[in-house]
Amino acid sequence: MRITSRGYGEEGRERVTVVPENVDDLWHLSYVLEPGDLVEGDTTRRIQRNDDQMRDTGGEREHLHVTIEVEDVEFARFANRLRIGGVIVDTSREDQLGFHHTLNVEERAEITIEKHFKPDQTERLERAEEAAENPDVAIVTVEEGEAYIHTVAQYGTNEYASFTRPTGKGEYARPRNELFADLGSALSHLDVDAIILAGPGFTKQDARDYLEDEYPAVVELIGATVDTSGVGDRGVHEVLKRGAVSDVQKDTRIAREAELVDQLMEGIAQGTKVAYGIGEVAEAAEFGAVDQLLILDTRLREERQGEGDWDVDVNHVIETVEQKGGEVTVFSGEFQPGEQLKNLGGIAALLRYRLE
């Protein structure tokens, strides 16, 4: 994310101009924008012709610079775009004022946001700006007969490729180098700056030895080798929990989320110094007992947009925690720690002391 300018608009609203540089940035913006915000950017719009001398063709697309008042926001992850719907409140074509329109924001498209930013929203933009310097990371997990490649993004991890090749003994067994060859070929076509190699036993080292001979450029990217008890999603979670990704991608949020949710689950199992659910967490916040507030991004957006069912103002809870020295982490609903937090009501806390 590039923040190109900051200033103030009407009624004390802050104006921030940003350029999203990747799909992660579009995802961040989807949680910063809310109904009532103003967003300005370039777009195209189909406009009906009123000229009696021209045959009506159903409208032609024209390039416009518009400001819309936001009504809804959708992160179209697989289309690599952010859809911002609302009403046009300012444009050079006055005949288009008041019409509904959707801004399709893609990578490297500049937009200006005008709103009263909440502290966590400002922090989110600043973290995205800092993360622009982070390397892209792939986690490779491999065991006998199986290999997986996951790419790490700020909104979670994606399975890029998986391979199975029967090895060992038996009628259908194949040479294990076929598995390693498939893995090496896929990695050689993947544009990343660092690779973490993980898995149980010695297979990962055998894979590395093969790659060193056949795909030396891939081996140069391997920054860490991690022992895990499983592969695939399970292995990835272990890698994240052990902090291997943080060594090469320091600002990756999901590694921190995995660590926090493990502390939370351990506290629940032991019955010590944790709270979960909006009622317990709000009470702990008022007592100044919250050390770490954990909240799910999708639930936070629902509550702020008036679509949730909490009977407590979530903004007040966040402000109370921060005023009393606690830290706030907004979890991604795209990744496993966020799913675990969702099952606990979307909000939880690690406490300084146990509440009776």
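The coordinates are above.
Summarised in this report is the structure supplied together with it. Residue numbers run consecutively from 1 along every chain, following the written order of its sequence. Only residues with pLDDT of at least 70 are given local features in this predicted model, and only at 80 or more are side-chain atom pairs given and counted; all residues enter the totals for whole chains, interfaces and linings. With hydrogens and water stripped out, all remaining heavy atoms of the structure feed into the side-chain values.

Remarks on the overall build of the protein
Link 1 in the chain: In terms of regular secondary structure, the protein is built from 12 helices and 16 strands.
Link 2 in the chain: Burial classes follow relative accessibility: with a 1.4 Å probe on protein chains only, a residue under 20% of its type's maximum area counts as buried, one over 50% as exposed, and anything between as partly exposed. Within the span of the protein, comprising 356 residues, buried residues form 49% of the whole.
Link 3 in the chain: Note on definitions: a residue-residue contact is assigned when non-hydrogen atoms from the two residues lie within 4.5 Å. Taking the intrachain contacts of the protein between residues at least 6 apart in sequence as the baseline, contacts between residues at least 24 apart amount to 66%.
Link 4 in the chain: Each accessible area is a Shrake-Rupley result for a 1.4 Å probe, and residues are judged covered by the shown protein chains and nothing else. Carbon and sulfur atoms make up 42% of the accessible area of the protein, which amounts to about 17700 Å² in all.
Link 5 in the chain: As used throughout, the charge tally considers Lys and Arg to be positive and Asp and Glu to be negative, leaving His and the chain termini uncounted. We put the charge of a Lys on NZ, of an Arg on CZ, of an Asp on CG and of a Glu on CD. Charge separation in the protein, taken as the distance between the mean sites of 38 positive and 74 negative side-chain charges, equals 2 Å. Strands here mean DSSP runs of E at least two residues long; helices mean DSSP runs of H or I at least four residues long; both are numbered from the N terminus.

Focus: the nonpolar core
Link 1 in the chain: Membership of the largest hydrophobic core comes to 31 residues, with the highest contact counts inside it found for Val 18, Leu 29, Val 39, Leu 82, Ile 84 and Leu 125.
Link 2 in the chain: Elements supplying a minimum of two residues to this core: strand 2 (14–19), helix 1 (23–32), strand 3 (38–47), strand 4 (60–76), strand 5 (81–91), strand 6 (100–106), strand 7 (111–115) and helix 2 (119–130).
Link 3 in the chain: When neighbours within four sequence positions are excluded, Val 39 is seen to be in contact with Leu 33, Val 66, Thr 67, Ile 68, Val 70, Ile 84, Leu 103, Ile 111 and Thr 112.
Link 4 in the chain: We call a set of buried Ala, Val, Leu, Ile, Met, Phe, Trp, Tyr and Cys residues a nonpolar core when their side-chain atoms join them within 4.5 Å. Judged by nonpolar contacts, the second largest core, of 22 residues, contains Ala 138, Leu 183, Val 218 and Ile 222.

Let's talk about a negative patch on the surface
Link 1 in the chain: Together, Asp 209, Glu 212, Asp 213 and Glu 214 give the surface a local cluster of negative charge.
Link 2 in the chain: As for its position among the elements, Glu 212 is in helix 4 (residues 203–214).
Link 3 in the chain: On the accessibility criterion, Glu 212 (47% relative accessible area) is partly exposed. Only residues whose relative accessible area exceeds 30% and that take part in no salt bridge are eligible for patches, with like-charged residues grouped when within 9 Å of each other and nonpolar side chains (Val, Leu, Ile, Met, Phe, Trp, Tyr) grouped when within 5 Å. Definition used for salt bridges: Asp or Glu carboxyl oxygen within 4 Å of a side-chain nitrogen of Lys or Arg.

Regarding the sheet that holds strand 12 (residues 222–227)
Remark on secondary structure: sheet strands pair via backbone hydrogen bonds, oriented parallel or antiparallel.
Link 1 in the chain: Here, any two strands with at least 2 DSSP bridges between them count as paired. Overall, mixed pairing links the 5 strands, which are arranged 10-9-8-11-12 in an open sheet. Both edges of this open sheet fall to strand 10 (156–164) and strand 12, since each of them pairs with a single strand only. Going from strand to strand, the sheet's axes swing by 20° on average, the running direction of each strand aside.
Link 2 in the chain: Sheet analysis places strand 11 (residues 194–199) next to strand 12, joined by 5 bridges and oriented parallel. For Gly 199, the partnering residue across the bridge sits in strand 12 and is Asp 227.
Link 3 in the chain: Convention adopted: a line fitted to C-alpha atoms gives each axis, helices being fitted over their contacting stretch, and angles between N-to-C directions are expressed from 0 to 180 degrees. Sheet strands in contact with helix 4 are strand 8 (137–143), strand 11 and strand 12, and its direction is about 155° off that of strand 12.

Quick word on helix 9 (residues 278–286)
Link 1 in the chain: The set of residues buried in helix 9 consists of Ile 278, Val 281, Ala 282, Ala 284 and Ala 285. All buried residues of helix 9 fall inside an arc of 165° around its axis, so they share one side.
Link 2 in the chain: At its buried positions, helix 9 is contacted by strand 13 (274–276), strand 14 (290–296), helix 11 (314–323) and strand 16 (347–351).
Link 3 in the chain: Residue Gly 288 follows helix 9 closely and has a positive phi angle near 75°. Arc definition: it is the arc formed by the directions from the helix axis to the C-beta atoms.

Looking at helix 1
Link 1 in the chain: Among the 10 residues of helix 1, 10 are classified as buried, and the element is accordingly described as predominantly covered.
Link 2 in the chain: For helix 1, the capping residue at the N-terminal end is Asn 22, with a side-chain oxygen 3.1 Å from the backbone nitrogen of Asp 24. For the purposes of these results, a polar contact is taken to be a pair of N or O atoms within 3.5 Å, where, inside protein, one atom must be able to donate a hydrogen and its partner to accept one; residues adjacent in sequence count only when each atom of the pair is a side-chain atom.

So, the sheet that holds strand 4
Link 1 in the chain: Here we have 7 strands laid out as an open sheet, ordered 1-2-7-3-4-5-6, and antiparallel in their pairing. For this open sheet the edge positions go to strand 1 (2–8) and strand 6, each flanked by a neighbour on one side alone. With strand direction ignored, the average angle separating the axes of adjacent strands in the sheet is 40°.
Link 2 in the chain: Pairing analysis gives 7 bridges linking strand 5 to strand 6, with the strands arranged antiparallel.

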